[in-house]
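# Structure at a glance
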Amino acid sequence: MLPLEDTFSDILGKAQKGLQLSTDVLAREAGVAAVDYERVRKGDFDEGIVRKVAPLLKLQADRLVTLARGEWHPQVAHPAGLARATTNFDGGTVNAYVVWDPSSKEAALFDTGMDAGPLLQIVRDQGLQPKYLFITHTHIDHIAELPGLTKAAGVSAFVHKNGDIGGVKTFEWGETFQVGALKIETRQTTGHAADGTTYVVTGLEVPVAIVGDALFAGSMGGGMVSYAEALQTNRQNLFSLPDQTVVAPGHGPLTTIGKEKHRNPFFPEFQVPPSEGKGI
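Residues numbered from 1 in each chain as written. Predicted model: local features only at pLDDT ≥ 70, side-chain atom pairs only at ≥ 80, totals over all residues. Heavy atoms only, no water.

### A look at the overall build of the protein chain
- Scanning the protein chain for helices and strands turns up 11 helices and 12 strands.
- In summary, the protein chain has a C-alpha radius of gyration of 19 Å against a globular reference of 19 Å for 280 residues, a match within 12%.
- Here the protein chain holds 280 residues, and 53% of them are scored as buried.
- In the protein chain, the share of contacts with a sequence separation of at least 24, taken over all contacts with a separation of at least 6, comes to 59%.
- Summed over its atoms, the accessible surface of the protein chain is roughly 11700 Å², and 48% of this surface lies on carbon and sulfur atoms.
- Computed over 25 positive and 32 negative side-chain charges, the inter-centroid distance for the protein chain is 3 Å. (Helix = DSSP H or I, 4+ residues; strand = E, 2+ residues; numbered from the N terminus. Rg over C-alpha atoms; globule rule 2.2 N^0.38 Å. Buried < 20%, exposed > 50% of the residue type's maximum accessible area, 1.4 Å probe, protein only. Contact = heavy atoms within 4.5 Å. Areas by Shrake-Rupley, 256 points an atom, 1.4 Å probe, with all protein chains shown as cover. Lys, Arg positive; Asp, Glu negative; His and termini not counted. Charge placed at Lys NZ, Arg CZ, Asp CG, Glu CD.)

Pasting the structure below:
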């Protein structure tokens with residue numbers, strides 16, 4: 001079981017950086033000492049301080065505290081026709097995926113990770129026929145094996161035109177692809193990256209969204225291009241999906257849209273009665 005990608009302190013840091021709030025200003029408005037907040041931001045959990053700064057960072061405090069206490073993990077099973085390949089990167093891990101039509105065995109690969117071997121092993125083990133390689137965004141951990149994987153799998157790579165790095169085919173958001181009986185829709189999820197794309201796969205037992213670094217279980221990618229845009233495109237193009245949609249992120253475990261509505265501190269507008277939220 002993969003751990004969550006972000007700690008509570010990672011979340012604080014992403015929100016503070018995204019909102020361009022200095023530590024001194026944030027601490028003063030929260031009524032805490034700057035040195036105490038800085039200690040918390042570096043990972044020393046203090047519930048009182050977290051609850052004071054969360055609203056100023058537009059984070060949902062209860063969810064952030066729950067994550068800080070280690071009391072939630074999504075624990076979502078892979079639906080039939082979806083497999084993950086996780087490889088090591090920069091002291092952590094990065095995910096790539098294979099999605100296939102169980103009837104025809106036609107398949108699509110999503111991102112490359114830092115080692116193409118696990119993806120190719122899934123293809124061999126399942127007897128698949130790869131048709132496409134789709135890139136969620138062109139940060140190095142998602143394309144490190146691009147030339148080797150396209151050659152080994154015998155496929156062309158596709159990326160949104162904002163991520164044209166040569167040797168790939170480009171598309172516009174909204175274009176769709178067919179893999180056997182599966183439909184793959186491309187959606188804009190920029191902000192973390194200028195070419196950020198989510199691939200929504202329908203035709204399996206539940207919809208699947210391959211989101212790259214747009215959204216993580218209990219968190220989201222940093223707004224390296226635009227924090228406001230990252231939040232906006234997630235709200236518009238991810239949280240509009242059905243709650244049962246399985247979210248397959250670039251880092252960390254699978255989750256669902258419903259679970260993120262109930263647990264993700266970056267999106268406090270999604271409320272759920274406590275009785276309905278139990279176990280989610």
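### Focus: the pattern of salt bridges
- Applying the stated criterion across every chain yields a total of 12 salt bridges.
- We note a salt bridge from R51 to E47, for which the minimum N-O separation is 2.9 Å. Note that R51 and E47 are positioned in helix 4 (residues 47-53) at a spacing of 4 residues, about one turn of the helix.
- R187 is the salt-bridge partner of E185, the closest N and O atoms lying 3.0 Å from each other.
- On the basis of relative accessibility, which here comes to 25%, the residue E185 falls in the partly exposed class.
- Linked through salt bridges whose partners overlap, the residues forming this network are E47, R51, D62 and R69. (Salt bridge = Lys/Arg side-chain N within 4 Å of Asp/Glu carboxyl O.)

### Things to note about the packing of aromatic side chains
- Considering all chains together, one arrives at 15 aromatic pairs under this definition.
- A connected cluster of aromatic rings, assembled from ring pairs, spans F110, Y132, F134, F158, F171, F177 and Y199. (Phe/Tyr/Trp six-rings, centres within 6.5 Å; stacked < 30°, edge-to-face > 60°.)

### A word on the nonpolar core
- Counting 38 residues, the largest nonpolar core has L12, Y37, V53, L57, L59, L64 and F266 as the members making the most contacts within it.
- Mapped by element, the contributors of at least two residues to this core are helix 1 (8-19), helix 2 (23-30), helix 3 (34-41), helix 4, helix 5 (61-68), strand 10 (208-212) and helix 9 (227-237).
- If near-sequence neighbours (up to four positions away) are discounted, L59 is found in contact with I11, L12, A15, A54, L64, P265 and F266.
- Ranked by size, the runner-up nonpolar core spans 23 residues in total, among them L119, V123, I143 and L146. (Core = buried A, V, L, I, M, F, W, Y, C linked by side-chain atoms within 4.5 Å.)

### Examining the side chain of H142
- Among the structural elements, H142 can be located in helix 7 (residues 140-143).
- Ignoring anything within four residues of it in the chain, the contact list for H142 reads V94, D111, T112, G113, I135, T136, H137, D213, G250 and H251.

### Comments concerning the packing of helix 1 against helix 5
- Put simply, helix 1 and helix 5 touch, their axes get as near as 8 Å, and they point 140° apart. With respect to each other, helix 1 and helix 5 are oriented oblique. For the pair formed by helix 1 and helix 5, the contact residues are F8, I11 and L12 on the first element and L64, L67 and A68 on the second.
- By residue class, the composition of the contact of helix 1 with helix 5 is 6 nonpolar, no polar and no charged. (Axes fitted to C-alpha atoms, helices over the stretch in contact; angles between N-to-C directions. Parallel < 35°, antiparallel > 145°, perpendicular 65-115°, else oblique. Nonpolar A, V, L, I, M, F, W, Y, C, P; charged D, E, K, R; others polar.)

### With respect to the environment of W72
- Tracing the sequence through the fold places W72 in the loop between helix 5 and strand 1 (82-89).
- Residues W72 and V206 lie 134 residues apart in sequence; the distance between their C-alpha atoms is 23 Å.
- Other than its neighbours up to four places away in sequence, W72 contacts L4, T66, L67, A217, G218, T255, K259, E260, R263 and I280.

### Focus: the sheet that holds strand 4 (residues 129-134)
- Strand order in this open sheet of 6 strands is 1-2-3-4-5-6, and the pairing throughout is mixed. For this open sheet the edge positions go to strand 1 and strand 6 (169-171), each flanked by a neighbour on one side alone. Taken over all neighbouring pairs, the strand axes of this sheet differ in orientation by 30° on average, direction set aside.
- Pairing between strand 2 (residues 92-100) and strand 3 (residues 106-110): 4 bridges, direction antiparallel. Bridging from a neighbouring strand, W100 pairs with A107 of strand 3.
- In the packing of helix 8 (residues 146-153) onto the sheet, contacts are made with strand 3, strand 4 and strand 5 (156-160), and the angle to strand 4 comes to roughly 155°. (Pairing = 2+ DSSP bridges.)

### A short note on the pairing of strand 11 (residues 246-249)
- Neither face of strand 11 is left uncovered, since the one carrying V246 and A248 and the one carrying V247 and P249 both have all their residues buried.
- For the segment spanning strand 10, helix 9 and strand 11, crossover handedness is right-handed.
- Pairing of strand 11 with strand 12 (residues 255-256) involves 2 bridges; the strand directions are antiparallel. Counterpart to V246 in the pairing with strand 12 is T256.
- Between strand 11 and strand 12, which follow one another and run antiparallel, lie 5 residues, and G252 among them has a positive phi close to 85°. (Right-handed = clockwise from strand over helix to strand, strands pointing away.)

### Some words on the environment of A85
- Looking at where A85 falls in the secondary structure, it is placed in strand 1.
- Judged by relative accessible area, which is 4%, A85 ranks as buried.
- Here the alpha-carbon distance between A85 and R187, two residues 102 residues apart in the chain, equals 23 Å.
- Residues in contact with A85, not counting those within four places in the same chain, are V94, N95, A96, P118, L119 and I122.

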